[in-house]
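# Residue-level structure breakdown
Listed below are the residues making up each chain.
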Amino acid sequence: MKLLLTHVPQARRQYYGARALARLNERVELVLHEGDAPLDAPGVIGMGRGVDLIIADRATAVPAEVFDALPGLKVVMRSAIDIRNIDVAAASRAGVLVTHAEAGFVPSVVELTLGLLVDLSRGVSRAVADYQAGRQPEIRVGRQLGGSTIGIVGYGRISRALAPVLLALGVKVLVSDPYAQVDDPRLAKRSLEDLLGESDTVICLAIANEETENLMDAAAFARMKPGAFFVNMSRGNLVDEAALAEALASGHLAGAAMDVGRAPDQMPSPALASLPNVVATPHIGGLTPPASESQAFDTVRQVEALVKGEVPPGAVNAASWTRRP
């Protein structure tokens, strides 16, 4: 079998890794993208001629035209959970299998979330920037996480791992998710409206879909406590950025932190990230060797199953898969 890995060299090093790449190379004939810019649809088609499998990175879209132009393509994989850059409906119509990886990034995202919470509460980035610019930082009274109330919007894998850590720090944890059962008796389930009004910090970890588009809008921010913090670790789609900017500029919110946004590659938008009461990181929540390698090896295991003629783990449209090897 022949496989196209769409990652540019830097992304291949950071998000796939040498060990997984070596294992992949033992099992299939590899085609690597050596350009500096992500492939567009014509680029995917050009490099995909004659390949059976594609592993698409998050910066590479796989639209319907790819399946039409590559009749020999059998499977498109993502070394991540998010498959929104793949037109799954078009893949199903064409008989192409689509797969995703598991959530190997959870511990890394939890750790970054804790770091952002501490930074917001104690002004770490502000003080560092002042010292590095040769200025004496203003001494401000910080906030202690222990004893505060943190509301988590969405109760998926990351939230379920984050909540016990917050509890261990002495935080009162509220959860809002209309579709999830909250079994931990130490957590208090709330409606979104009540959670926003009770929390000193709101962490957005809801899934990104049509229902949650702009979930955090002007009305939501208005419901939050004056002086509260907002943290987004999910996707930029969930936040009305103009409304967030206004809530920060007006002083209604004391600050915000984010690892995601509506900029390219799901990064924080520069206009928001540059605000003085914002702490932003460039979508690095899952960018640690254990996280990246975990998901890369998920795709290796999928390839191994495909070589054996099996339906791989992580398949999302197996019933529509007719272009089998």
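Above this text you will find the structure in question.
This text gives an overview of the structure that appears in the document. Each chain carries its own residue numbering, running from 1 in the direction its sequence is written. Two thresholds apply to this predicted model, a pLDDT of at least 70 for residue-level local features and 80 or more for giving and counting side-chain atom pairs, whereas whole-chain, interface and lining totals are computed over all residues. Only hydrogens and water are set aside when side-chain values are computed; all heavy atoms of the structure are taken into account.

## Some thoughts on the pattern of salt bridges
Should a side-chain nitrogen of Lys or Arg be within 4 Å of a carboxyl oxygen of Asp or Glu, the pair is scored as a salt bridge. Scanning the entire structure with this criterion turns up 17 salt bridges. As a salt-bridge pair, R235 and D82 come within 3.2 Å of each other at their nearest N and O atoms. Placement of R235 in the loop between β10 (228–232) and α11 (241–249) and of D82 in the loop between β4 (75–78) and α5 (88–94) is noted, with a sequence separation of 153 residues between them. The same class applies to R235 as to D82, namely buried. Of the charged contacts in the structure, one is a salt bridge between D130 and R135, with a shortest N-O distance of 2.8 Å. Secondary structure follows DSSP: runs of H or I at least 4 residues long count as helices, runs of E at least 2 residues long count as strands, and numbering of each begins at the N terminus. Only protein chains enter the calculation, and the probe is 1.4 Å; a residue is then buried if its accessible area is under 20% of its type maximum, exposed if over 50%, and partly exposed in between.

## Some thoughts on the sheet that holds strand β7 (residues 172–176)
Pairing in this open sheet of seven strands is parallel, and the strands run β8-β7-β6-β9-β10-β11-β12 from one edge to the other. Looking at which strands have only one partner, the edges of the open sheet turn out to be β8 (188–189) and β12 (278–280). With four bridges connecting them, strand β9 (residues 201–204) and β10 associate as parallel partners. Across the sheet, T201 pairs through a bridge with F229, a residue of β10. Along the sheet, helix α8 (residues 157–168) makes contact with β6 (149–153), β7 and β9, crossing β6 at roughly 175°. DSSP-based pairing: two strands are paired if at least 2 bridges between them are found. Two residues form a contact once any of their heavy atoms are found within 4.5 Å. Where helices are involved, their axes are fitted lines through C-alpha atoms of the stretch in contact, as for all axes, and angles between N-to-C directions lie from 0 to 180°.

## Examining the environment of R13
Mapped onto the fold, R13 is located in helix α1 (residues 9–16). Among the residues examined, R13 registers a relative accessible area of 60% and is labelled exposed. Between the C-alpha atoms of R13 and L205, which are 192 residues apart in sequence, the distance is 27 Å.

## Comments concerning the sheet that holds strand β1 (residues 2–5)
One open sheet accounts for five strands, arranged β2-β1-β3-β4-β5; its pairing is parallel. Lying at the two open borders of the sheet, with one neighbouring strand each, are β2 (29–32) and β5 (97–99). Here the average twist between neighbouring strands, direction ignored, is 20°. Sheet topology note: the β1/strand β3 (residues 53–56) ladder contains three bridges and is parallel. Along β3, the bridge assignment pairs L3 with L53. Contacts between helix α2 (residues 18–27) and the sheet are confined to β1, β2 and β3, with β2 contributing the most and set at about 130° to the helix.

## Here we look at the pairing of β1
Sheet topology places β1 next to β2; four bridges connect them, and they run parallel. Bridge pairing in β2 places L4 opposite V31.

## With respect to helix α3 (residues 41–48)
Taken residue by residue, α3 has A41, G43, V44, I45 and G48 as its buried positions. Residues of α3 that are buried make contact with β1, β3 and α4 (64–69). Any pair of N or O atoms that falls within 3.5 Å is considered a polar contact. Within protein, one atom must be able to donate a hydrogen and the other to accept it, and sequence-neighbouring residues count only if both atoms are side-chain atoms. For α3, the N-terminal capping position is held by D40, with its side-chain oxygen 2.8 Å away from the main-chain nitrogen of G43. Among the residues trailing α3, G50 stands out with phi positive, at a value near 90°.

## A few points about the side chain of D259
Structurally, D259 is set in the loop between β11 (253–258) and α12 (270–273). At 7.1 Å, R58 is the nearest oppositely charged side chain to D259, a buried residue that forms no salt bridge. Beyond its immediate stretch of four places on either side in the chain, D259 contacts L112, N232, M233, Q266, P268, T281, P282, H283, I284 and G285. His residues and chain termini do not enter the charge count, which takes Lys and Arg as positive and Asp and Glu as negative.

## Things to note about unusual backbone geometry
Look at N214: it is not a glycine, yet its phi comes out positive at around 55°. Positive phi outside glycine occurs at D265, with the angle close to 60°. In this structure, D265 sits in the loop between β11 and α12. We classify D265 as partly exposed; its relative accessible area is 28%.

## Digging into the packing of α1 against helix α13 (residues 289–307)
The geometry of α1 relative to α13 is characterised by a closest axis approach of 7 Å and an angle of 95° between their N-to-C directions. The angle between α1 and α13 falls in the class roughly perpendicular. Contacts between α1 and α13 involve Q14, Y15 and Y16 on the former and, on the latter, S292, A296, T299 and V300. The classification used treats Ala, Val, Leu, Ile, Met, Phe, Trp, Tyr, Cys and Pro as nonpolar, Asp, Glu, Lys and Arg as charged, and all other residues, Gly among them, as polar. Taken together, the residues of the contact of α1 with α13 sort by class into four nonpolar, three polar and no charged. Convention used here: angles under 35 degrees read as roughly parallel, angles over 145 as roughly antiparallel, angles from 65 to 115 as roughly perpendicular, and any remaining angle as oblique.

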